[in-house]
Amino acid sequence: MNAVEKTQTMKETIAARGSMLVAFSGGVDSTLLAVLAKEVLGNNTACVLLDSPVVPRAAIAQACQIASELGLELDIIPVRLMEQEEFRKNPANRCYYCKKISAAYLKQRAEERGLATIADGINISDTGEHRPGLAASTEAGIIHPFIESGITKQEIRENAREYGLSVWQKPSAA
């Protein structure tokens, strides 16, 4: 399947969900996901940026600017990661706990907004890396449309460029 077919499959996957809350960081993956979700679902989609002490202030400002430029509805939710003992202990699998904690905030917002699905921008290229957070988010019921559609990071960048998204070359960040 080529990149165009994969993207069409992803749009069909998004449409089948009916409504979607996108975990948004302003990076290329979540931005493309949010744009596709909005294109397919219209007002039945929203984005959430989870704000915590581990997120640089500049990243939040950039994400807000990107969302504004693209007409994406963005909620910013403070997450109290430092109050969570599992996170503060800084174990090797801290990412697992961070995603597990974050998923609870996303679930609450999705319920408040009446959105059926929560999605993130994890893609096929990410599955070759050690990603304990992927397991935590999957366990929490968060879907990964890029993985479901077999889309790689390079294909995301190509799609983002074709959509005219300014973030298409933005470097990846944790």
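Keep in mind it's a predicted model, so treat the numbers as computed, not measured.

1. With respect to helix α8 (residues 153-162)
Then comes step 1: When α8 is considered as a whole, its buried residues turn out to be Lys-153, Glu-155, Ile-156, Arg-157, Asn-159 and Ala-160.
Then comes step 2: Structurally, α8 contributes buried residues whose contacts are with α1 (3-17), α2 (28-41) and α7 (145-148).
Then comes step 3: Positioned one or two residues after α8, Gly-164 has a phi angle of 75°, which is positive.

2. Structural notes on the side chain of Asp-51
Then comes step 1: Considering the arrangement of structural elements, one finds Asp-51 in strand β2 (residues 45-51).
Then comes step 2: Once you skip the residues sitting within four places of it in the chain, Asp-51 turns out to touch Arg-57, Ile-60, Ile-76, Ile-77, Pro-78 and Val-79.

3. Concerning the environment of Asn-90
Then comes step 1: Structurally, Asn-90 is set in the loop between α4 (85-88) and α5 (94-113).
Then comes step 2: In the structure, Asn-90 is positioned 16 residues away from Leu-74 in sequence and 29 Å away in space, judged by C-alpha atoms.
Then comes step 3: A distance of 3.4 Å separates polar atoms of two side chains, one belonging to Asn-90 and the other to Arg-94.

4. Focus on the nonpolar core
Then comes step 1: Residues Met-10, Ile-14, Met-20, Val-22, Phe-24, Leu-33 and Phe-146 are the most contacted members of the largest nonpolar core, which totals 28 residues.
Then comes step 2: Elements supplying a minimum of two residues to this core: α1, β1 (20-23), α2, β2, α3 (57-70) and α8.
Then comes step 3: No other element matches α2, which puts eight residues into this core.
Then comes step 4: Every residue in contact with Phe-24, bar those within four places of it in the chain, is listed here: Ser-30, Thr-31, Ala-34, Cys-47, Val-48, Leu-49, Ala-63, Ile-66, Ala-67, Leu-72 and Leu-74.

5. Re the packing of α2 against α8
Then comes step 1: Between α2 and α8, whose axes approach to 10 Å, the crossing angle comes to 55°. Judged by the angle between their axes, α2 and α8 are oblique. Note on packing geometry: the crossing formed by α2 with α8 is left-handed. Side by side, α2 and α8 meet where Val-28, Asp-29 and Leu-32 of the first sit next to Lys-153, Ile-156, Arg-157, Asn-159 and Ala-160 of the second.

6. Comments concerning the sheet that holds strand β3 (residues 74-78)
Then comes step 1: The sheet built from four strands is open, its strands ordered β3-β2-β1-β4 with parallel pairing. The open sheet is flanked by β3 and β4 (117-119), the only strands paired with a single partner. Averaged over all neighbouring strand pairs, the angle between strand axes comes to 30°, with direction disregarded.
Then comes step 2: Of the pairings in the sheet, the one linking β1 to β2 comprises four bridges and is parallel in character. Paired with Leu-21 across the two strands is Ala-46, which belongs to β2.
Then comes step 3: Relative to the sheet, α2 contacts β1, β2 and β4, its axis offset from that of β1 by approximately 165°.
Then comes step 4: Against the sheet, α3 makes contact with β2 and β3, and its axis sits at roughly 160° relative to β3, the strand it touches most.

7. Re the state of the cysteines
Then comes step 1: If you walk through the whole model with that rule in mind, you get zero disulfides.
Then comes step 2: The structure places no disulfide on Cys-95, whose sulfur is separated from the nearest cysteine sulfur, that of Cys-98, by 6.2 Å.

What counts, and where the lines are drawn
- For every chain, the first residue of the written sequence is number 1, and numbering continues from 1 along that sequence.
- Thresholds applied to this predicted model are a pLDDT of at least 70 for local features of residues and 80 or more for the giving and counting of side-chain atom pairs; totals over whole chains, interfaces and linings are not thresholded and use all residues.
- Calculated side-chain values reflect all of the structure's heavy atoms, with hydrogen atoms and water omitted.
- Partly exposed describes any residue whose relative accessible area lies between the buried limit of under 20% and the exposed limit of over 50%, with all areas from a 1.4 Å probe on protein chains only and scaled to the type maximum.
- Numbering of helices and strands starts at the N terminus; helices are DSSP runs of H or I of at least 4 residues and strands are runs of E of at least 2.
- It only takes one pair of heavy atoms within 4.5 Å for two residues to be counted as in contact.
- Side-chain atoms alone can form a polar contact between residues adjacent in sequence; in general such a contact is a pair of N or O atoms within 3.5 Å, and within protein one must be able to donate a hydrogen while the other accepts it.
- As used in this record, nonpolar core signifies buried Ala, Val, Leu, Ile, Met, Phe, Trp, Tyr and Cys residues forming a set joined through side-chain atoms within 4.5 Å.
- Fitting a line to C-alpha atoms yields each axis, with helices limited to the stretch in contact; the angle taken between N-to-C directions then spans 0 to 180 degrees.
- Relative orientations are named as follows: roughly parallel for angles under 35 degrees, roughly antiparallel for angles over 145 degrees, roughly perpendicular for angles from 65 to 115 degrees, and oblique for any other angle.
- The sense of a crossing depends on the near helix, which, turned anticlockwise from the far helix by less than a right angle, makes the crossing left-handed and, turned clockwise, makes it right-handed.
- Whether two strands pair depends on DSSP finding at least two bridges between them.
- Two cysteine sulfurs form what is called a disulfide whenever their separation falls within 2.5 Å.

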